[in-house]
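Close look at the chain arrangement
Spelled out from the first residue to the last, the chains are:
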Amino acid sequence: MITSDPHLRARTLVEALPYIRRFHDEIIVIKYGGNVLSDAGSSLTELAEDVALMRSVGMRPVIVHGGGPQIDDLADRLGLVPSFVDGLRVTDAAMLEVVRMALLGTVNPAIVTALGCQGAAAVGLSGADSSLAMASRISTDLGFVGSINRVQTGVVAELVQAGVIPVVASLGVETGGQLLNVNADSFASALAVALGAAKLIFLTNISGLLAEIDDSDSLIAQAAVDQVQGLIDNGKIRGGMIPKVTAALDASMGGVERVHLIDGTVPHSLLLELLTDEGVGTMIVGGSR
Ligand SMILES: Nc1ncnc2c1ncn2[C@@H]1O[C@H](COP(=O)(O)OP(=O)(O)O)[C@@H](O)[C@H]1O
Ligand SMILES: CC(=O)N[C@@H](CCC(=O)OP(=O)(O)O)C(=O)O
């Protein structure tokens, strides 16, 4: 709701000024989780408004997206049963086709179109385009699942320089040309490090990292390596949150100064994180692991 107090409204705008200056011309990588895109409380339009505003005030946003729930949904309609090992999808040839269809056929164009509707120039691509994300298979058990071992930023860097917002689906490519399914959190982390991003923001469907998963009051405002490892060891961080915090730590230790996990289902949480003094979500702090 917009406050009716004109002083408060003006103050909010003034408060944004140092942040707009600080991040002017800086690359900010934003990772959209599939849960954010499918959650009833969120709106792709609001997310697109925030990113379009970032671009309008001179920031250089780059979007990486996943689409786990959308892949599950399509697999279900096609009679395939998804299975996961440590939060990663077991991907045989048939499942890889589903991953491609969901990410490149549905999720990616939806984001690009929403940005276009907000007047922002956006181009959709995947890690296979222009050999952006070179990957190799993690294990034979996981099938066509990869981890990124080299990022060739060329095409993304050129788009960014031209003022265009790249919207990147989390597929990688092997040297021989085989597509691989890459976890979108680790993809976003690798791209943010390679681009020298000033910030990486993971938009997910929870307020941030919780010390107790069922207790929303246990939000950890700042999480460091040791604490995160302890929480994983004690079973307090589970499922898809494990690759997410691992990716966040990797980015932080790879030189991305600010890495945040925030709730993308809260309207305009991205702008609150970027442009106000109010801290939202969890900030991940690196160090030696
Ligand atoms: N300690 C924790 N704190 C917060 N969320 C957690 C934790 N452990 C597990 N989770 C789960 O991780 C989920 C987010 O991961 P995931 O579903 O992969 O998100 P996304 O689709 O945004 O990548 C949360 O919805 C939550 O259920
Ligand atoms: C290997 C692997 O698990 N890949 C993920 C890619 C999509 C993804 O990461 O989507 P979210 O961001 O919505 O979780 C998958 O197939 O679900």
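Residues numbered from 1 in each chain as written. Chains lettered and ligands numbered in written order. Predicted model: local features only at pLDDT ≥ 70, side-chain atom pairs only at ≥ 80, totals over all residues.

**Observations concerning the overall build of the chain**
Quick reminder of the rule: The helix count covers DSSP runs of H or I at least four residues long, the strand count covers runs of E at least two residues long, and both are numbered beginning at the N terminus. For this measure, only C-alpha atoms enter the radius of gyration; the expected value for a globule follows 2.2 Å times N^0.38, where N is the number of residues. Counting other C-beta atoms within 10 Å of a residue's own tells you its class, since 20 or more makes it buried, 12 or fewer makes it exposed, and anything in between is partly exposed; those C-beta atoms are placed from the backbone. For every residue pair, C-beta atoms are placed from the backbone, and the pair is scored as a contact if these atoms sit within 7 Å.
Scanning the chain from terminus to terminus reveals ten helices and 14 strands. Its C-alpha radius of gyration of 18 Å places the chain within 12% of the 19 Å reference for a compact globule of 289 residues. Looking at the chain as a whole, 46% of its 289 residues are labelled buried. Sequence-distant contacts in the chain: of pairs separated by 6 or more residues, those separated by 24 or more amount to 74%.

**Considerations on the UniProt feature "site: Transition state stabilizer" (unreviewed entry) in the chain**
Put simply, the rule is: UniProt positions are given in the numbering used here, feature names are shortened, and annotations may be inferred rather than shown by experiment.
As recorded in UniProt, the feature "site: Transition state stabilizer" (unreviewed entry) lies at Lys-31 and Lys-244. Judged by maximum C-alpha separation, these annotated positions cover 214 residues in sequence but sit close together in space, the widest gap being only 10.3 Å. With respect to the secondary-structure elements, Lys-31 resides in strand β1 (residues 27-32). Owing to 31 C-beta atoms within 10 Å, Lys-31 belongs among the buried residues under this scheme. When sequence neighbours within four positions are dropped, the list of residues in contact with Lys-31 reads Val-64, Ala-184, Asp-185, Ala-188, Phe-202 and Leu-203. Tracing the chain through its elements places Lys-244 in helix α9 (residues 241-253).

**Structural notes on the sheet that holds strand β5 (residues 122-126)**
Selection rule: Strand pairing is assigned whenever DSSP detects at least two bridges linking the two strands. Here an angle of 0 to 180 degrees is reported between the N-to-C directions of two axes, which are lines fitted to C-alpha atoms, with helices fitted over the stretch in contact.
Read from one edge of the open sheet, eight strands run β5-β8-β2-β1-β11-β13-β14-β12, paired in mixed fashion. Of all the strands in the sheet, the pair left with one neighbour each is β5 and β12 (222-224). On average, each strand axis in the sheet is tilted by 20° relative to the strand beside it, whichever way the strands run. The pairing of β1 with strand β2 (residues 60-65) spans six bridges and is classified as parallel. Counterpart to Ile-28 in the pairing with β2 is Pro-61.

**Considering the packing of helix α4 (residues 68-77) against helix α5 (residues 93-117)**
The condition is simple: Angles below 35 degrees are treated as roughly parallel, those above 145 as roughly antiparallel, those between 65 and 115 as roughly perpendicular, and all remaining angles as oblique. Each crossing gets its hand from how the near helix is turned against the far one by less than a right angle, where anticlockwise is left-handed and clockwise is right-handed. Put simply, Ala, Val, Leu, Ile, Met, Phe, Trp, Tyr, Cys and Pro go in the nonpolar bin, Asp, Glu, Lys and Arg in the charged bin, and everything else, Gly too, in the polar bin.
Two elements in contact, α4 and α5, have axes whose closest approach is 9 Å; the angle formed by their N-to-C orientations is 120°. In this view, α4 runs oblique relative to α5, as classed from their interaxial angle. The chirality of how α4 crosses α5 is right-handed. Only Met-95, Val-98, Val-99, Met-101, Ala-102, Thr-106 and Val-107 of α5 make contact with α4, whose side of the interface consists of Gln-70, Ile-71, Leu-74 and Ala-75. The residue makeup of the contact of α4 with α5, split by class, is nine nonpolar, two polar and no charged.

**Describing the UniProt feature "binding site: substrate" (unreviewed entry) in the chain**
The sites that UniProt annotates as "binding site: substrate" (unreviewed entry) are Gly-67, Gly-68, Arg-89 and Asn-181. In sequence the annotated residues extend across 115 residues, while in space they remain close, none of their C-alpha pairs exceeding 11.7 Å. Structurally, Arg-89 can be placed in strand β4 (residues 88-89). Residue Arg-89 is classed as buried on the basis of its C-beta count, with 22 C-beta atoms lying within 10 Å. Setting aside chain neighbours within four positions, we find Arg-89 in contact with Pro-82, Phe-84, Met-95, Val-145 and Asn-181. Secondary-structure assignment places Asn-181 in strand β10 (residues 179-181). According to the C-beta neighbour criterion, Asn-181 is buried, with 26 such atoms within 10 Å.

**Thoughts on the site of ligand 1**
Rules: Placing the C-beta atom from the backbone, one calls a residue near a molecule or strand if that atom lies within 6 Å of it.
Lining the immediate surroundings of ligand 1 are 20 residues, of which Gly-33, Asn-35, Thr-204, Gly-240 and Met-241 lie closest. When contributions to the shell around ligand 1 are tallied by element, the ones reaching two or more residues are α2 (34-38) and α9. The leading source of residues in the shell around ligand 1 is α2, at three residues. For the shell around ligand 1, the residue count by class is seven nonpolar, nine polar and four charged.

**Description of unusual backbone geometry**
Although it is not a glycine, Asp-86 adopts a positive phi angle of roughly 50°. Mapped onto the elements, Asp-86 comes out in the loop between β3 (84-85) and β4. Taking the number of C-beta atoms within 10 Å as the measure of exposure, Asp-86 has 10 and is therefore exposed. Of note in the backbone geometry, His-268 takes a positive phi value of approximately 60° without being a glycine. Relative to the elements of secondary structure, His-268 occurs in the loop between β13 (258-263) and α10 (269-275).

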